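# Tertiary structure, described
Here is what each chain is made of, one letter per residue.
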Amino acid sequence: MKLFSLVCLAALAALVAGCPHNDYTVELTPREKVVERQLVFYRADGTDTNGAPKYVPFPSNELAAITALYPAGHLTQEGERHFAKGDFSNAMPGDVGGAGSYRQLATSLGTAGFYVERFRGSDDLAARANAQLAAADQLTDLVIGWSRAEFGREPGYKKLRRFLDGDFRRDLKNLSLYSWAGEISSAYGKGANEEFIVRFGQYLHERGYLRIEDAASLVQVYAGGDDAQGLLLVQKFLAEKLGVPPAGPMPKSLALLADPAAADQSWKKYLTGTELYQARLRQWKKDKKLQPDLEKPEPAEPVGELASTLLAFGSTGEEDHLTVRLTLTAAPDHTNGKWDATRSQVVWESCLESREPAARLPVFCFANWTQPDEGFQREHFGRVALNGDELLKYCLWRGGLHVALADEWEKLLTSCRPGGELTNRLAAFEFSVPGNTNAAALGKKLLHAALENIP
């Protein structure tokens, strides 16, 4: 309950007061085998009344790292706005943080271009899943330890212990995975995260954690941060798992859950004796020798970190902003960006978590496009036969041919002329180089299918 309230308050504070963040705009313009990349970046702390950014100095260490990725002398500055420019082939520079590539395959029939880039985040899904599930196990073990200390003498404790070690442990892991699924879905659809919250609410309802009649109490908890109401729901739930009849009486050991201060004191007292906190305390004593003003950690701090890992709140909270614009002569064949026809650009916009730690999936941009050589195709086929996905497949096939085979293929194409014998010539063609009997199969198939559709 407290974690939920803190997250909401932090978000509200950020909206009202703003917080320092970096803004990056990547402008990409393909030029045959290279792509021109211009990065415009600055740091701001909120906006003025007219909507203009309140500029603050850009971090010097990051500025130096970006400068090193671009050709000498290609970094300029206007006030607090910085500009970096350079031509790149294949690998993209990790200026914003991440990795990517650009590639163009040029053939006599046309070209195919590819752009892919991820920004920050982590693609190590297995490591993240393992960390979240491990956090669920650690939190469950702590809850079991505390419950044993407070309720271990109750006649029905064995039943509660079995529930915590089984169903509760599994459900906490499912909460973690639902949180992750909601985060991923929210990147692709408005309202998706909200849907996953409701989905998990239904999951909890089906498993007896929540009842419809508890709705009024839950609203009070979420709207007003009413810890007492929340603890009464926990008290009622634990009493049921201990086998206490609905009519009561309530065991004395559960009375502490009617008092938020007593419950908090009980939880902290238990945590103080755990190895999790004692290890943190030993590290603090060691660090304090070098940092005399270092504050003593609270017993609940390690638990808060486990909860952050469980719910994928591992980011520092600073949100940078990214805009990527890819200029093309026509709309791409495939992309996860938005096509802006007025500017002839594919556009991606997204928030970015801070560089470290990497808690979320990376922001991901991709596009591929094709441009038929209309002059060549009209001269040799009578019209534009290959474009779109079929031209893409052709460029990939043609780009994989060895030089000797490529020369033979191009001689065939340049000798072709529109007419009834065109498809027959293609069908009869075979490479003369030994061992390459089937090498022409895909190219012939693509052209044959395209030419058959020519009236």
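The structure reproduced in this document is the subject of the present report. (Residues numbered from 1 in each chain as written. Predicted model: local features only at pLDDT ≥ 70, side-chain atom pairs only at ≥ 80, totals over all residues. Heavy atoms only, no water.)

## Side note on the overall build of the protein chain
In terms of helices and strands, the protein chain carries 15 helices and 13 strands. Burial status across the protein chain gives 38% buried among its 455 residues. Residue pairs in contact within the protein chain that sit at least 24 positions apart in sequence constitute 62% of those at least 6 positions apart. When the accessible area of the protein chain is evaluated, it comes to approximately 25,100 Å², of which 56% is carbon and sulfur surface. (Helix = DSSP H or I, 4+ residues; strand = E, 2+ residues; numbered from the N terminus. Buried < 20%, exposed > 50% of the residue type's maximum accessible area, 1.4 Å probe, protein only. Contact = heavy atoms within 4.5 Å. Areas by Shrake-Rupley, 256 points an atom, 1.4 Å probe, with all protein chains shown as cover.)

## Regarding the pattern of salt bridges
Here the structure, examined in full by the defined rule, presents 22 salt bridges. For Glu 117, the salt bridge is made with Arg 37, and the minimal N-O distance between the two is 3.0 Å. One end of the pair, Glu 117, is in strand 8 (residues 110–119); the other, Arg 37, is in strand 2 (residues 34–47), with 80 residues separating them in the sequence. Summarising the burial analysis for this pair, Glu 117 and Arg 37 share the class buried. Notably, a salt bridge pairs Arg 280 with Glu 305, separated by 2.6 Å at the nearest N-O pair. Remark: Glu 305 occurs in helix 10 (residues 301–310) and Arg 280 occurs in helix 9 (residues 275–288); sequence separation between them is 25 residues. Its relative accessible area of 25% is what places Arg 280 among the partly exposed residues. Given a relative accessible area of 40%, Glu 305 falls into the partly exposed group. Members of the salt-bridge network, linked through shared partners, are Asp 137, Asp 141, Asp 165, Arg 169 and Lys 173. (Salt bridge = Lys/Arg side-chain N within 4 Å of Asp/Glu carboxyl O.)

## Topic: the packing of aromatic side chains
Taken as a whole, this structure holds 19 aromatic pairs when the rule is applied. Measuring from centroid to centroid gives 5.1 Å for Tyr 209 and Phe 237, while their planes differ by 20°, and the two rings are stacked. Placement of Tyr 209 in the loop between helix 5 (192–206) and helix 6 (215–224) and of Phe 237 in helix 7 (residues 227–241) is noted, with a sequence separation of 28 residues between them. Each member of the pair, Tyr 209 as well as Phe 237, carries the same accessibility label: buried. Positioned above the aromatic ring of Tyr 203, the side-chain terminus of Arg 207 is 3.6 Å from the ring centre. We note Lys 241 situated over the ring of Phe 163; from NZ or CZ to the ring centre the distance is 4.4 Å. (Phe/Tyr/Trp six-rings, centres within 6.5 Å; stacked < 30°, edge-to-face > 60°. Lys NZ or Arg CZ within 6 Å of the ring centre and 35° of its normal.)

## Some words on the packing of helix 4 (residues 157–186) against helix 7
Axis separation between helix 4 and helix 7 bottoms out at 8 Å; the angle between their running directions is 110°. Viewed along their axes, helix 4 and helix 7 adopt a mutual orientation that is roughly perpendicular. Contact residues: helix 4 offers Lys 159, Leu 160 and Phe 163, while helix 7 offers Phe 237, Leu 238, Glu 240 and Lys 241. For the contact of helix 4 with helix 7, a count of residues per class yields 4 nonpolar, no polar and 3 charged. (Axes fitted to C-alpha atoms, helices over the stretch in contact; angles between N-to-C directions. Parallel < 35°, antiparallel > 145°, perpendicular 65-115°, else oblique. Nonpolar A, V, L, I, M, F, W, Y, C, P; charged D, E, K, R; others polar.)

## Quick notes on the environment of Pro 299
Relative to the helices and strands, Pro 299 resides in the loop between helix 9 and helix 10. Put simply, Pro 299 and Leu 281 are 18 residues apart on the chain and 9.0 Å apart in space, counted from C-alpha to C-alpha. Setting aside residues up to four positions removed in sequence, Pro 299 forms contacts with Lys 268, Leu 271, Thr 272 and Tyr 277.

## Section: the packing of helix 3 (residues 125–151) against helix 4
It is the contact of helix 3 with helix 4, at a shortest axis distance of 9 Å, that shows an interaxial angle of 150°. Put simply, helix 3 runs roughly antiparallel to helix 4. For the pair helix 3 and helix 4, the crossing hand works out as right-handed. Classifying every residue of the contact of helix 3 with helix 4 by side-chain character gives 15 nonpolar, 4 polar and 9 charged. (Left-handed = near helix turned anticlockwise from the far one by under 90°.)

## As for the pairing of strand 13 (residues 363–372)
Of all 10 residues in strand 13, 7 are buried; the element is thus mostly enclosed. One ladder, built from 10 bridges, connects strand 8 with strand 13; its direction is antiparallel. Bridge assignment links Gly 110 to a residue of strand 13, and that residue is Pro 372. The pairing of strand 10 (residues 334–335) with strand 13 spans 2 bridges and is antiparallel. Opposite His 334, over in strand 13, you have Asn 368 as the bridge partner. (Pairing = 2+ DSSP bridges.)

## Concerning the environment of Gln 377
For Gln 377, the position within the fold is in helix 11 (residues 374–381). For the pair formed by Gln 377 and Ser 108, sequence separation is 269 residues and the distance between their alpha carbons is 8.4 Å. Ignoring sequence-local partners within four residues, the contact set of Gln 377 consists of Leu 109, Pro 372, Gly 382, Arg 383, Val 384, Ala 385 and Leu 386. Within the structure, Gln 377 has its side chain in polar contact with the backbone nitrogen of Leu 386 (distance 2.9 Å). (Polar contact = N/O pair within 3.5 Å; in protein donor to acceptor, adjacent residues only side chain to side chain.)

## Details of unusual backbone geometry
Of note in this structure, Glu 32 is not a glycine but carries a positive phi near 55°. Note on placement: Glu 32 falls in the loop between strand 1 (20–31) and strand 2. Although it is not a glycine, Arg 120 sits at a positive phi angle of roughly 55°. In this structure, Arg 120 sits in the loop between strand 8 and helix 3. Under the relative-accessibility criterion, Arg 120 is labelled buried at 5%.

## A word on the pairing of strand 8
The pairing of strand 7 (residues 98–107) with strand 8 spans 10 bridges and is classified as antiparallel. Within the sheet, the bridge partner assigned to Gly 98 lies in strand 8 and is Phe 119. Where strand 7 folds back on strand 8, the antiparallel hairpin that results is connected by 2 residues.

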